[in-house]
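Inside the fold
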Amino acid sequence: MELTCLLSFLAMTLPIAYGAPTEASENLHPKILEAMKRDLGLNAEQATARVQHDIYASEVIEKVRGSISSSFAGGWIDASKIYVGVTDKTAADQVTAAGAVPVIMSASLDKLESAKDALNKHFASRGQGSKPQSSNIASYFIDVATNKLVVEALDDGRDYAKELGSLANLPESNFEIRRVDQLPTTTASVIGGDAFIINGNTRCSIGFAVDGGFVAAGHCGRRGDDVTTQSGDSLGTFAGSSFPGRDMSYVETNNNVNLYGLIDNYQGGTLPVRGSRESAVGASVCRSGSTTGVHCGTIQGKDQTVLFDGVNNVNGLTRTSACCDHGDSGGPYYSGSQGQGVTSGQNGNCNSNGYSWFYPLNPILNEYGVSLVTN
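Residues numbered from 1 in each chain as written. Predicted model: local features only at pLDDT ≥ 70, side-chain atom pairs only at ≥ 80, totals over all residues. Heavy atoms only, no water.

1. Considerations on helix 7 (residues 158–168)
The set of residues buried in helix 7 consists of Tyr 160, Ala 161, Leu 164, Gly 165 and Ala 168. Along the long axis of helix 7, the arc covered by the buried residues comes to 155°, so they all point the same way. What points out from helix 7, more than 90 degrees from its buried face, is the exposed set Asp 159 and Ser 166. Residue Asn 169 follows helix 7 closely and has a positive phi angle near 55°. (Buried < 20%, exposed > 50% of the residue type's maximum accessible area, 1.4 Å probe, protein only. Helix = DSSP H or I, 4+ residues; strand = E, 2+ residues; numbered from the N terminus. Arc of directions from axis to C-beta.)

2. Remarks on the state of the cysteines
Within this structure, the stated rule accounts for three disulfides. A sulfur-sulfur distance of 2.1 Å marks the disulfide that ties Cys 204 to Cys 220. Disulfide Cys 204 to Cys 220: torsion about the S-S bond roughly -95°, handedness left-handed. Remark: Cys 220 occurs in the loop between strand 11 (213–216) and strand 12 (226–228) and Cys 204 occurs in strand 9 (residues 202–205); sequence separation between them is 16 residues. You'll find Cys 204 and Cys 220 in the same group, each marked buried. (Disulfide = S-S within 2.5 Å.)

3. Let's talk about the nonpolar core
With 46 residues, the main nonpolar core has Ile 68, Val 84, Ile 137, Leu 149 and Val 151 as its most contacted residues. Among residues more than four places away in sequence, those in contact with Val 151 are Leu 119, Ile 137, Ser 139, Tyr 140, Ala 161, Leu 164, Phe 175, Glu 176, Ile 177 and Arg 178. (Core = buried A, V, L, I, M, F, W, Y, C linked by side-chain atoms within 4.5 Å. Contact = heavy atoms within 4.5 Å.)

Structure below.
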């Protein structure tokens with residue numbers, strides 16, 4: 001109740017207090033508003049305020065990060081407040097002046113990222129697809145709000161998780177093991193969210209239209225694989241693909257394929273894509289896919305490493321509370337009209353309070369040297 005009342009207040013005050021950004025919020029598509037009402041419990045006015053505040057807060061966090069440099073310990077959004085962790089008390093005043101709440105923390109984000117890199121190197125050295133102990137590890141990531149490197153593991157992977165903690169070389173206060181009931185899985189099974197078929201037998205979902213084709217998840221197919229619509233019409237071929245390690249792909253479409261800066265809302269209409277401005281941890285986000293349609297949630301963490309099926313590790317993923325299922329892979333995530341990434345995988349599904357990960361969009365665009373098709 002407190003949050004919804006606050007969002008109603010923000011709907012009236014944000015345009016006055018901050019003077020915009022309004023493009024991505026005032027033009028929220030009715031279907032996005034419907035999904036945010038269903039999944040986040042927000043009415044149209046509250047959803048508009050939420051997206052507007054998320055954009056503003058994300059920009060504040062990035063500006064503060066640049067100004068306090070090595071003292072930065074992470075930033076996140078919680079309801080109406082913007083939090084920024086700092087390791088140097090002298091940086092707190094800069095955070096406050098920027099409109100955020102400073103939180104004194106023991107480890108900088110650089111230190112936590114260095115520890116996470118040590119685990120990345122460990123898993124890279126063992127080779128992809130190798131089982132042993134790693135098959136009991138679900139993921140590892142930096143939780144900026146708790147200032148910890150977190151390893152998620154099955155019950156019988158706890159001892160191995162402790163070994164990973166030693167490799168990370170962090171004090172106990174900056175390392176945590178969290179239990180999960182099952183391992184994540186990938187979701188393999190032009191308008192974003194629509195289905196496409198790989199080599200006649202595997203289904204994924206289109207991410208975003210770009211110059212000459214579209215982007216999706218890397219685990220959907222390999223370079224040279226054929227891509228068709230569900231009805232069998234040729235779309236093109238995979239011109240690039242990366243998985244595991246990363247989870248991105250670029251499908252080069254045929255000359256007769258029309259490319260649109262739109263996302264399927266799975267209710268008989270489409271949603272516009274207007275850019276790829278990245279949202280912060282805590283921001284609202286929605287996704288579209290050919291199995292479960294449109295679902296919304298919030299961004300729970302970034303730059304996470306996930307071991308899909310216990311063997312294929314993917315770095316740089318963003319975790320969200322939005323659910324998905326097999327066949328949704330590759331489909332788009334978006335905040336308002338801003339593209340965020342493509343569906344990588346999930347733990348659980350839409351019938352079991354599942355959560356999901358996406359691979360960020362901007363690194364994909366940079367990797368393949370393509371530009372987003374916008375509406």
